Amino acid sequence: MVKAIEDVMPQIAFGGDYNPEQWDESVWLEDAKLMQEAGVNLVSVAIFSWSVIERKEGEFDFHWLDRVLDILHEHGVGVSLATATASPPAWLSKDYPEILAVQANGVPYQIGSRQHYSPNSKRFRYAVKRLVTEMANRYKDHPALKMWHINNEYACHLSECYSPESLEAFRDWLKERYETIEQLNQKWGTNFWSQRYNDWDEIQFPANLPTFYNPSQKLDYERFMNDAIFELYKIEKEVLRDVTPEVPVFTNFMYEFKPLNYFDWAKEMDLVTWDSYPDPREGKPYRHAMHHDLMRSLKNGQPFYLMEQVTSHVNWRDINLTKKPGEMRLWSYSTVARGGDGVMYFQWRQGRAGAEKFHGAMVPHSNDPNSRVYQEVKQLGQELKQLNGLAGAKGTAKVAIIFDWENWWAVEHEGKPHNKLSYLDQVYHYYQVCYEQNIAVDFVEPTGDLSNYQVVVAPMLYMIRNGEEKHLEEFVQHGGTLIVSFFSGIVDEQDHIHLGGYPAPLRNLLGMTVEEFAPMADNETNTIVSNGEISIVDTWADIIRLEGARAVAHFKENWYKGKPAVTVHRYGKGKSIYIGTNPATECLASFLTGIFQQSGVKAPLEAPKNVEIVERKKDHTTYLFILNHNDDPVTISLEPNKQYEDCLQNSSVSDQITVGGTDVTVIRF
Amino acid sequence: MVKAIEDVMPQIAFGGDYNPEQWDESVWLEDAKLMQEAGVNLVSVAIFSWSVIERKEGEFDFHWLDRVLDILHEHGVGVSLATATASPPAWLSKDYPEILAVQANGVPYQIGSRQHYSPNSKRFRYAVKRLVTEMANRYKDHPALKMWHINNEYACHLSECYSPESLEAFRDWLKERYETIEQLNQKWGTNFWSQRYNDWDEIQFPANLPTFYNPSQKLDYERFMNDAIFELYKIEKEVLRDVTPEVPVFTNFMYEFKPLNYFDWAKEMDLVTWDSYPDPREGKPYRHAMHHDLMRSLKNGQPFYLMEQVTSHVNWRDINLTKKPGEMRLWSYSTVARGGDGVMYFQWRQGRAGAEKFHGAMVPHSNDPNSRVYQEVKQLGQELKQLNGLAGAKGTAKVAIIFDWENWWAVEHEGKPHNKLSYLDQVYHYYQVCYEQNIAVDFVEPTGDLSNYQVVVAPMLYMIRNGEEKHLEEFVQHGGTLIVSFFSGIVDEQDHIHLGGYPAPLRNLLGMTVEEFAPMADNETNTIVSNGEISIVDTWADIIRLEGARAVAHFKENWYKGKPAVTVHRYGKGKSIYIGTNPATECLASFLTGIFQQSGVKAPLEAPKNVEIVERKKDHTTYLFILNHNDDPVTISLEPNKQYEDCLQNSSVSDQITVGGTDVTVIRF
Amino acid sequence: MVKAIEDVMPQIAFGGDYNPEQWDESVWLEDAKLMQEAGVNLVSVAIFSWSVIERKEGEFDFHWLDRVLDILHEHGVGVSLATATASPPAWLSKDYPEILAVQANGVPYQIGSRQHYSPNSKRFRYAVKRLVTEMANRYKDHPALKMWHINNEYACHLSECYSPESLEAFRDWLKERYETIEQLNQKWGTNFWSQRYNDWDEIQFPANLPTFYNPSQKLDYERFMNDAIFELYKIEKEVLRDVTPEVPVFTNFMYEFKPLNYFDWAKEMDLVTWDSYPDPREGKPYRHAMHHDLMRSLKNGQPFYLMEQVTSHVNWRDINLTKKPGEMRLWSYSTVARGGDGVMYFQWRQGRAGAEKFHGAMVPHSNDPNSRVYQEVKQLGQELKQLNGLAGAKGTAKVAIIFDWENWWAVEHEGKPHNKLSYLDQVYHYYQVCYEQNIAVDFVEPTGDLSNYQVVVAPMLYMIRNGEEKHLEEFVQHGGTLIVSFFSGIVDEQDHIHLGGYPAPLRNLLGMTVEEFAPMADNETNTIVSNGEISIVDTWADIIRLEGARAVAHFKENWYKGKPAVTVHRYGKGKSIYIGTNPATECLASFLTGIFQQSGVKAPLEAPKNVEIVERKKDHTTYLFILNHNDDPVTISLEPNKQYEDCLQNSSVSDQITVGGTDVTVIRF
C-alpha cells in the first residue's frame, strides 16, 4: 500500500534537480554540505542518467549512483529518484532505429538533444521496462529513496509521432475504439470529401494533406497520442508499484501544456508535481497562480509539489529576464499558498556544458556562497521549515472553472468561424478577474463534483459530450449559478454539431438560442449596454434569441444592435447566465463581482491592488497568505477581535498587519 | 451537338451544392420540399461522392444517387451532375500509391482531406475515366440531368506535383515543346550558371535548389502543370461529350486563381462557372465585381454562372465575418448585373461533420425556416424568377483591360528589380478606378479582339510574346487609346529580355524608352506634376527618354527629378500612353477620367459614391442594375423623357428613382 | 615562387566578371573594344563554364575559351581565370547523385540553380581536380592569364550538408580532433541529457532534434563544414601551384559572411578578394567600409581586390534600389582608400536570360554607349589610371577591433540569456563610432599581433580559448588600452563555461566580476550616469562587483540601480575597460572619443559630418582620400604650410580644399 506523501515528507519539500554525473565526484560532498546549509531536504536524481547507467545494452553501472545516494542520505537529503528514462542513450537508437520518433515529413528525429523516442515503439517500451526494473530493484531499500520520479516532462518536445509503428498503433487504437470500420466512417463523417474507408489499413495520419484535415480524425489522433504516452507512464508505474508498493510515484507536469490530458493522468499519480516558468515580462504572475490552482484541482485539492522553477532566469526564451530580488521568494509563497507542499528548482548546480548551461540554478557558476541567488535560496529554505505543520492543508474555493483538455484540442482546430481563439486565453480571462479580487478558484472536469461550489464558470465549452449537460442542469437545479461563455455547447465528442439550434444541449438550461455567430475582425470592437452602463466587447458576437431567459445586456452597434449580449435564466433553484461576446476585463470584472455578491462568495480579506491573499485549511487551523506584489509596503485590516499568529515571525498579530514591498506574511488562526 | 445553356436553363439558375450522402435518406424529401419553397431550380450533386459510388474498385453503387435524382426531379429541381472525381477514395491511394501527389520534399500527400491526387498519374487518369464513363452511362437519360460539372475547383489546393511520374511527364512535355535538347538549352539560357543539359533525363524540377531557379524553367513548369491538369479535364470532357453529346459541360473556376490559364480552359467549356468568396472585411466588393467581369470575358461575353458563394460566412479564413442582412442579396445582383445567369451557393444544407461544418449554407444547422439566412435565400430565389427574360443578355463595355496568365506567372518570379509587385494588384488598381466611375470593363487576352473598344489598358504587361506588339499597334493605328503601365514589354515568351532598350517591342508604339528602373523602398514615395497638379506616386519610377512621345507628367523629387513620368504618343489615328510609375488612386482616377472623356466612354448614369450601375443588353432591351452599397437610400436621375420598367416591382419608372440602403433596383427599357 | 600581385598588376585593377559563353561569338569583339574604351584591364572569365567546357565526362572543349582569351589579350585586357568549378554540370549529378548536397530533411538539392554539390563528396572532389588540372595545363602559358580565381563565393548558398558522406566525414573529422570517444564525451559534455556516445558511428548531425542542440556539437559541425569547404579550395590550389607556381591564386569572399573563417582562409590565398553589395536603403555605407577594413586585415594589411560590386542595382533583395548618380564612383573610392587595389564588377554585360538578368552590369541591356551606367563606368576606369602609383600602399590604423569567426558561431547559438544578440551588430556598433570620427581601424584575430595599436576593442568576445587572455594581458601590461564589452570571456573553445565567476579568464585583467546577467526586454531601456551625464542603454545589464577596477558609470534604474555599468582598471602600464551594457550610439561615441584622446589616436584631418577621410601610405608618400557623402560641397582645412598634390586633377593644393557633393578628392604628400 502506497504511503501518503505527508508521511513520506511531513515537511515542505525543498530542493531541486541534481545531476551529479555532470561533475567530478569531488564536487558531490561539497554539494551535500551546501544542500544541508540551504535547508534542502529533497533532490531529484538521475533524470537524464540512462546513458551513464546503462552504458551498453543490458549492462548496468550503478556504483556512482549508489555513492551519490549514500552521500545525500548521510547529509539528511531525501531523494526523489528518477527512472532515468527521459532520454534514451545513443546506442539504443543506433541499434534499434525504430525507436526514433518521426516527423510528419517522414524524417526521424535523432540523438543530440533529448526525448527523441517514439512513444509507440515496442522496442523502446521494452528498454524502458528493463531499465526501470533494474532501478527499482537496486534502490528499493535505499534509505534515501522517498519517491519515484517517472521519466520527465512527458511530451514536452514531442507529442506527435509519424513513424510506421505509430501508424500501426493508431489503427489499433481506432479498432479498439470503433470496433467496425463502418462505425469509424460514421464517427468521422467520412462521406464528407469522399473520405470513406473500407479497411483500417487505408487510414493515414492527419498530416501531409493538401488542405484542412478531418477534425474528428485529428481529435482522435490527439487522443491517441495522449493515450500512447500515458501508456508509457503506466508501464513504468506498474514496475515500480510491483517492486516498491509503498513508494509514491509521479511524473512532472508542465505549464500551459495542451497535448496531455492531465485530469486523466493525475488519476494514476500519487502526487501531482509540475514545473512552472512564468515569464517575468508578464508582470504579476496570475498565470502561475492559475496553474497552481489547476494542479491542485487535478487530484481534488490534494497538495502538489512545484517540482521545477528557476531561481533567476531561464535560457530558452528569446530574451530571458532575471527575477528581481525577492520575486523568486514571493512567487514561491504563492505556490505554497495555493496548495504546494514542495518548492523545488531546476537545478541544484548550474551546468558547465550543454544546452542549459545558461539556465539559472540554486548554486550559480561562480559557486559563490555570497551570491544573491544562493542567499535567497538559503533564506527560503530555512524559512519554509517554519511552515512544516501546513503540509496537507486544503484550499477553500467556492468558485469553480470547468476545464477540459479534449475541449481545448477540439476548439483550437482549424476551420472555425474565428480561428484566432485561444481556449487558455478565455480561461485566463475569467480566472484573472477572480485572481484580482482574491476569489479562490478550483478547476473541475465537466463531469467533476460541483456540489461544493456556489458559482461555476464554463468558458468556451465548445464540446459537450453525451449527457454532460445533465450534470450542469443538476448543479443549477440545486441552486448553483452557472456562467457559460460564447461558442459553448456546439459539438459532441466526435466534434460533430449538436443539431437543433446552438447550443443545443444547453438551450433548455440557458433559456436561449444562438441563431448566428458574428465574429469580429482583428481591430473591430462593439459596445454593450447593461443597466445604462456601456462597456467594450470584441472578438465575437452571438446573435441570440431569448427562449425564457432575459437579456441583461444588449449590443449597441452593428447590424445586430439591440440584440441580447448577456442573458440570465432562472432554472430550478439557481440560475444560468450566458455571455455571448468577449467583454473587456473591467466589464467582466464588474459583472462577476455582482454575481459573487449575490452568491455570497468573497475574498478572505479586503486588500489593495496587487496584493494576493489565499487561504489554506488543515484540521481546525486556517493559514492566511498575504503576498504583496507592490514595491511599497501595504497595510491590511484583519478581522476585528481576532488573534492571529505570524508563522514566519513566530509572533502574535491582530487588527492589522503591514507587509513590505515584494514581501509576504503568513498568519494562522 | 451540345445545347445552349439558355436552352437548358431558360431561367436564372438558383441553387447550390447538394451533398445528400452526408444525410439520412429521411432528410432528402424534406430537402426537396424546402428547395421548392426557396425557388431552387438547380443543384450540384455528387461532387465528393466517389468513395460512396465506387466503394470497391470497379464496383459501382448508384442506387442512392438514383433515388436522389428522382426526388429532385419530382420536385422540379434540375441537376448539375458532378463527375465525382474531385477527390479519390481511400482504396485507390492504398492500392496504387503512385496516384498520390508529392510535395517538393518528396513526401506524398495522403488521404484525409481532399484532392491528394497527382494530375500526372496514369493510374489516376485511368480510374477517373472509368468512373466518368459509368456516371455518364448511368445518367445520360435521367430527366433531372441538366449539365455536367466536371471535377471541382481544379488545383485549388494542389497545383504542383513532384512525383517521379510528374518528372517523367515534365520531361515529355519539354521534349514536345523543344524537340531537341539544344533548343531547350537555348530557350532556357542554360549557359548561365553552368546549367546545360545533354539529355532530357538530366532535367529536374525547379525545386530543392540552393538559390534562385532558372526563370525560363520555372515558367515552363507552370505551363506544364496547367497543361497536365487541363489534360485531366479534357479526358473527362471527351467521355461526356461522347456519351451525352447534347449536355453542356464545365468545371468551376476560382477567385484570384493564378495556377490555371482560364482563357485557355474556357475554350473547352460550354459555360464558365466560378466560385466567389469575397472577404467582408474588404468593404465594397470591387474585387468580386472584377472577377465577374473577367469570368464573363473568358468566353467573349457569354453569361456565366456563379457556381458557389456563401450565404453568411465561410470558415477557412483566419476570422470569418458574417455578411450583414441584405449584403448577400445585393452582391448576388452584382453577379447578375455583370453577366451571371446563375446564382448558386456552397452549399444547400450546412454539414454536421467534417472540415466545412462551420461554412455557411442555405439551410443552417438550426434547420429553422425562420432563420435570417434561409429567409434571405428564399426571398432572392423568388425574386430572381422575375428576371428570367434576362438570361443570355450581354455587357456593353468600351474599355478593356489586357489580362494574361503567363504574364502573371512570369512577372511574379523572384529576382526582379522590385520583388513585392503583384500583378493582380496592378490590375485591381486600374480596374477599381473604372469600377468607382461605373465604367464597364471587359478583359481580353493580349491576342484578343480589340475592335470593340475605345480604350485598352495593359497594366504591367511584362511579357510580350512574338508579334503581340503588332496587335496593339494595329489597335492604336485605327484610333484606339492604349495605356501601358511600368515594367511592360520587357521579356519574350521564354522570359528572356527583349534587347535593344526597354520596352523594346513597344518602343516604337510608345515613342519613348526606359533607360533605367528605379524601384522605391517600402515607405518611399515621390511626387509627379502634371498641368500644375501634384500627385503622389510610389513603388517604381522609370527613367524615361522621349523618342517622339511628349511628357504629360514629370517627377518632382529624387535624382531623376524633372524626368518624364507619363508620356503620350500619337500613333496612327490613336494614341499610346505610358505610365512609368505607380500613381496613387486619386491621381490615376483623375488621369483616366480625362482619357475616358476624350474617348467618349461614360457610365450608364451619374450616381453618388458607392452606387454600382451596370448594363446588360439582350435583343432590343437594356437592363439597368442600380446597386446601392450605402446604408442610406440614394436617388438617381434617369435619362429624361424615357420610360423604364422596374423588373422587381413590376411597375413603371421615369425621371428618377430612389434605391434603399443596401438595396437594388433593376429597370429595363 | 608565386609573383606578388603588384608585379602581376602594377596598376589598379579595373573590370568585371565576363561570361562570353552566354553570347554569340559576334559580341566578343565588340566587348573587347568597349572594355578598352572603358579602361578595363582585368576580367574574370569562366566562373560558371564547367558545363560548357566539359560537356561530357572527361571530354574538354576549350576552343571557345582559347578564342576569348586571345581576343582579350589582343585588346590589352588581362584575365583572372576561374577554375570553372563553381557549379557542376547536369551530367555529373545525374551520373553520380552522391555529389549532391543534402538538406537537413534528407532531400538532395538538384541542378537548376547553382552550387548544389556536397563539399564532402569524394567523387565531386575528383571531378574538380580533373577539371582544374585540365584548365591549368591548357592555359598555363597563355599571356592573358594574370591570376587564378578558384571556384566562386564558396558556401554562399550552401554551408551545411547532411549527406551520408558528410556524416562519415564529420565522424572522421571528430576522430582526428578527439582521438578517443571518451575525449569527445568530455568535450561535448555528453553526460548532460544522456548524450554519451560509445562509438563514433552513433554520432549524428546536430539536426532533426526535438529541442535544443548540444552547443559543443553544433560548434564542431560549424568548424567541420568550414574545414571541409576549405579542403575543396586547397585541392584546387595545390593543382594550380603545381602547374603554375608563379601565378597568384585566390577565391572571392563575401559580405557579412559567417560560415567561413576567413582569417584561416586568407593564409592560403595570395590575394584577398571579395564581393560587396551594400543596400542603398542603408544610407552611408559604413558596413561596406568596415568590410573593406576587415578584408584588408585578413592578410595583415596587404591590399585586396573588390572582385564584385554592382554598377546600379542588384536583383536579389526584396526591393533593389538603384545607386544614385555618383554613388557607385564614390563608394569605389572608399574601396581604394581602404586598401583596395582592384575595383571590379559583377558583371561586364547584363545577361539576357537566367536568374540574374535584372542584376546591373557595366554594359546594360540597352547596349547604349550613352547610358548613364556605362558612362560612369568609363569615367571611373579612366580616372583610376591616375592612381596607379598607389598600388601596394598600406593603412595607418592605431585602433584594432578583435574579430573572431568561432566566437561569432558560438555566441549566436540558441539557449543564451539573450537570444537576439548579433555579434556583427555589436562589432558594427563600435566600428561605426570610429568610422564617423574617421579613426582608422584594423581587425585582428584574438591571437593577432597587437603591438602596433594604442587601443584594442573586444566587442562581445564570448569565447576565450586557452591562454588567449595572456595575449590581452600583455597588450595592456605594455601600455595599451583594452575595451571589453558585455558577455565576454564566458566560455572556452568547447563552449564550456569558464568557471569561477564571469568573465573568469579576464577577471584579473579587468579587476571586476559579473555576478549576474540582466538582459532587457525588447522595448526596455535603462540609463547610466557618468560624470553627471546621463545616457540611455538597452539590451543587457551586467551586475558587476568591483575587484580593483573603479566604476566610471553607474546604472540609474531598476533593481541594480547604483551598481557599476562601466569600469576602468589600471593594469601594468595600460588600462582595461569593461562596458557592462549596450550604450546608445551617442553615449558610446562620447566615451570612445575620450579614450582616443587619452591614447593620442586621431583622424587624419578634421571634417564635417558625412565626410569620410582615409589615409594610405607607400614608401614616403601618403595618399589622403576625402569622400564627401553629402549632397552639397564641403571645404576641408588641410595642415597648414603643407603642399599636397591632387592626384585626379594633377594640380597642387594647400591650406584647404573643396570637395563637391557626392564627390571625392585624392591628394598626396
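None of the values given here were measured: they were computed from a predicted structure. All chains use their own residue numbering, which begins from 1 and follows the written sequence. All chains are assigned letters beginning with A, and all ligands numbers beginning with 1, in the order in which they are written. Restriction of local features to residues with pLDDT of at least 70 applies here, the model being predicted, together with a cutoff of 80 or more for giving and counting side-chain atom pairs; totals for whole chains, interfaces and linings are based on all residues. Side-chain numbers here rest on the full set of heavy atoms in the structure, without hydrogens or water.

Chemist: Please provide a residue-by-residue account of the relation of the copies chain B and chain A, values included.
Modeler: Residues reaching a pLDDT of at least 70 in both copies supply the C-alpha atoms on which the copies are superposed by least squares. Mapping chain B onto chain A calls for a screw motion: a turn of 120° about the axis and a shift of 0.0 Å along it, with 0.0 Å RMSD after fitting. Taken together, these values place the two copies in the relation of a three-fold axis. Within chain B, B:Asn105 has its C-alpha nearest the rotation axis, a separation of 4.7 Å. When you check the interface residues of chain B against chain A, a mere 2% turn up at the interface there too, and the two sides of the contact use different surfaces. Here, two residues are considered to be in contact whenever any of their heavy atoms come within 4.5 Å of each other.

Chemist: Could you give an account of the relation of the copies chain C and chain A, naming the residues involved and the relevant values?
Modeler: Under the fitted operation, chain C is carried onto chain A by 0.0 Å of movement along the axis and a turn of 120°, and the coordinates agree to an RMSD of 0.0 Å. A low fraction, 2%, of the interface residues of chain C reappear at the interface in chain A, so the copies pair through non-equivalent surfaces.

Chemist: So what's going on with the nonpolar core? Which residues, and what values?
Modeler: By nonpolar core we mean a set of buried residues, namely Ala, Val, Leu, Ile, Met, Phe, Trp, Tyr and Cys, connected to one another through side-chain atoms within 4.5 Å. Note on classification: 1.4 Å probe, protein chains only; a residue is buried when its accessible area is under 20% of the maximum for its type, exposed when over 50%, partly exposed between these limits. Counting residues in hydrophobic clusters, the biggest one holds 228 residues, and the most contacted among them are B:Val45, B:Leu387 and B:Phe487. Where helices and strands are cited, they refer to DSSP runs of H or I of at least four residues and of E of at least two residues respectively, numbered from the N terminus. Considering each element in turn, this core owes the most residues, 11 residues, to helix H9 (residues 215-243) of chain B. Ignoring any residue separated from it by four or fewer positions in sequence, one finds B:Val45 in contact with B:Tyr18, B:Pro20, B:Leu65, B:Val68, B:Leu69, B:Leu72, B:Val79, B:Ser80, B:Leu81 and B:Ala82. Formed by 227 residues, the second largest nonpolar core is a distinct cluster that contains A:Phe358, C:Val40, C:Leu167 and C:Trp274.

Chemist: Talk me through the domain arrangement of chain A; I want residue IDs and the actual numbers.
Modeler: Marked domain ranges trace back to an automatic or database domain assignment. According to the domain assignment, chain A consists of domain 1 (33-38 + 272-386), domain 2 (399-599) and domain 3 (611-668). When each unit is reduced to the centre of its C-alpha atoms, the spacing between domain 2 of chain A and domain 3 of chain A is 35 Å.

Chemist: Residue-level account of a negative patch on the surface, with values.
Modeler: Residue and element names in this part refer to chain A. Residues with no salt bridge and a relative accessible area higher than 30% make up the patches, which join like charges within 9 Å and nonpolar side chains (Val, Leu, Ile, Met, Phe, Trp, Tyr) within 5 Å. For every accessible area listed, the method is Shrake-Rupley and the probe measures 1.4 Å; residues are considered covered only by the protein chains on display. In what follows, salt bridge is the name for a side-chain nitrogen of Lys or Arg lying within 4 Å of a carboxyl oxygen of Asp or Glu. We score Asp and Glu as negative and Lys and Arg as positive, and we do not count His or the chain ends. A charged residue contributes its charge at one atom only: NZ of Lys, CZ of Arg, CG of Asp or CD of Glu. On the surface, Asp 227, Glu 231, Glu 238, Asp 242 and Asp 264 cluster together to form a negatively charged patch. A per-element tally of the negative patch places helix H9 (residues 215-243) first, with 4 residues. Its place among the elements puts Glu 238 in helix H9. Exposure remark for Glu 238: the relative accessible area of 60% places this residue in the exposed category.

Chemist: A description of the interface of chain C and chain A should follow, citing residues and the corresponding values.
Modeler: When the parts come together, some accessible area is lost, and that loss is often what is quoted as the size of the interface. The partner chain A presents 56 residues to the 54 residues of chain C that form the contact. When two components associate, each loses some accessible surface as probed by a 1.4 Å sphere; the sum of these losses over both components is called the buried area. Of the roughly 4,600 Å² buried at the junction of chain C and chain A (both faces included), carbon and sulfur atoms supply 59%. It is C:Trp193, C:Ser194 and C:Pro210 that lose the most area in chain C upon contact with chain A, and together they represent 15% of the buried surface on that side. Taken together, chain C and chain A are joined by 4 salt bridges. Residue A:Lys357 pairs with C:Asp495 through a salt bridge whose shortest N-O separation is 2.7 Å. Any N or O atom pair separated by 3.5 Å or less is treated as a polar contact, with the protein-specific requirement of one donor-capable and one acceptor-capable atom, and with residues adjacent in sequence counted only for side-chain atom pairs. The tally of links between chain C and chain A comes to 23 residue pairs in polar contact (both at pLDDT 80 or more). Those elements giving two or more residues to the side of chain C that touches chain A turn out to be helix H9 (215-243) and strand E16 (512-519) of chain C. Here the side of chain C that touches chain A gets 4 residues from one element, more than from any other, and that element is E16(C). All amino acids are sorted into three groups, where Ala, Val, Leu, Ile, Met, Phe, Trp, Tyr, Cys and Pro are nonpolar, Asp, Glu, Lys and Arg are charged, and the leftover types, Gly among them, are polar. Taken together, the residues of the side of chain C that touches chain A break down into 24 nonpolar, 19 polar and 11 charged.

Chemist: Explain the packing of aromatic side chains to me, and be specific about the residues and the numbers.
Modeler: A pair of aromatic rings is counted whenever rings of Phe, Tyr or Trp (Trp by its six-membered ring) have centres within 6.5 Å, and the orientation is called stacked for planes under 30 degrees apart, edge-to-face for over 60 and tilted otherwise. For the structure on display, the rule yields 149 aromatic pairs over all chains. Look at A:Tyr154 and A:Tyr233: their rings are 6.3 Å apart centre to centre, the planes differ by 80°, and that puts the pair in the edge-to-face class. Of this pair, A:Tyr154 sits in the loop between strand E6 (145-149) and helix H7 (164-178) while A:Tyr233 sits in helix H9; the two residues are 79 residues apart in sequence, bridging distant segments of the chain. Judged by relative accessible area, A:Tyr154 falls into the buried class, the value being 2%. On the basis of an interplanar angle of 55° and a centroid distance of 5.4 Å, the ring pair of B:Tyr154 and B:Trp265 is categorised as tilted. Of the two residues, B:Tyr154 is situated in the loop between strand E6 (145-149) and helix H7 (164-178) and B:Trp265 in helix H10 (residues 262-266); the sequence distance between them amounts to 111 residues. Sitting above the plane of the C:Trp559 ring, A:Arg372 keeps its charged end 4.7 Å from the centroid. Over the face of the ring belonging to C:Tyr96 we find C:Arg123, whose NZ or CZ atom lies 4.0 Å from the ring centre. Placement of a charge over a ring requires the Lys NZ or Arg CZ to be within 6 Å of the ring centre, with the centre-to-atom vector within 35 degrees of the ring normal.

Chemist: Give me the lowdown on H9(B), citing residues and values where you can.
Modeler: All names here are of chain B. If you check H9, its first and last C-alpha atoms are 42 Å apart, about what 29 residues at 1.5 Å a residue would give, namely 42 Å. The buried count for H9 comes to 22 of 29 residues, which makes it a mostly enclosed element. With a side-chain oxygen positioned 2.9 Å from the backbone nitrogen of Ser 216, the residue opening H9 is Asn 214. How far a helix is expected to stretch is found by multiplying one less than its residue total by 1.5 Å.

Chemist: I'd like a rundown of the packing of helix H15 (residues 423-436) of chain A against helix H18 (residues 585-599) of chain A, residues and numbers included.
Modeler: Residue and element names in this part refer to chain A. Between the N-to-C directions of two axes lies an angle of 0 to 180 degrees, each axis being a line fitted to C-alpha atoms and, for a helix, fitted only over the stretch in contact. The interhelical angle for the contact between H15 and H18, taken along N-to-C directions, is 60°, at an axis separation of 10 Å. You can see that H15 and H18 cross each other, and the crossing is right-handed. Where H15 approaches H18, its residues His 429, Tyr 430, Val 433 and Cys 434 are matched on the opposing element by Thr 585, Leu 588, Ala 589, Leu 592 and Phe 596. For the contact of H15 with H18, the residue count by class is 7 nonpolar, 2 polar and no charged. The crossing is said to be left-handed when, going from far helix to near helix, the turn is anticlockwise and less than a right angle, and right-handed when the turn is clockwise.

Chemist: Talk me through the interface of chain B and chain A; I want residue IDs and the actual numbers.
Modeler: Tallying the contact residues gives 56 residues for chain B and 54 residues for chain A. Summing the contributions of chain B and of chain A, the shared interface buries around 4,600 Å²; its carbon and sulfur component is 59%. Our enumeration of links across chain B and chain A arrives at 4 salt bridges. The partner of A:Glu516 in a salt bridge is B:Arg372, with the nearest N and O atoms 2.7 Å apart. There are 23 residue pairs in polar contact (both at pLDDT 80 or more) connecting chain B and chain A. Those elements giving two or more residues to the side of chain B that touches chain A turn out to be helix H3 (50-53), strand E3 (54-56), helix H5 (90-95) and helix H13 (372-384) of chain B.

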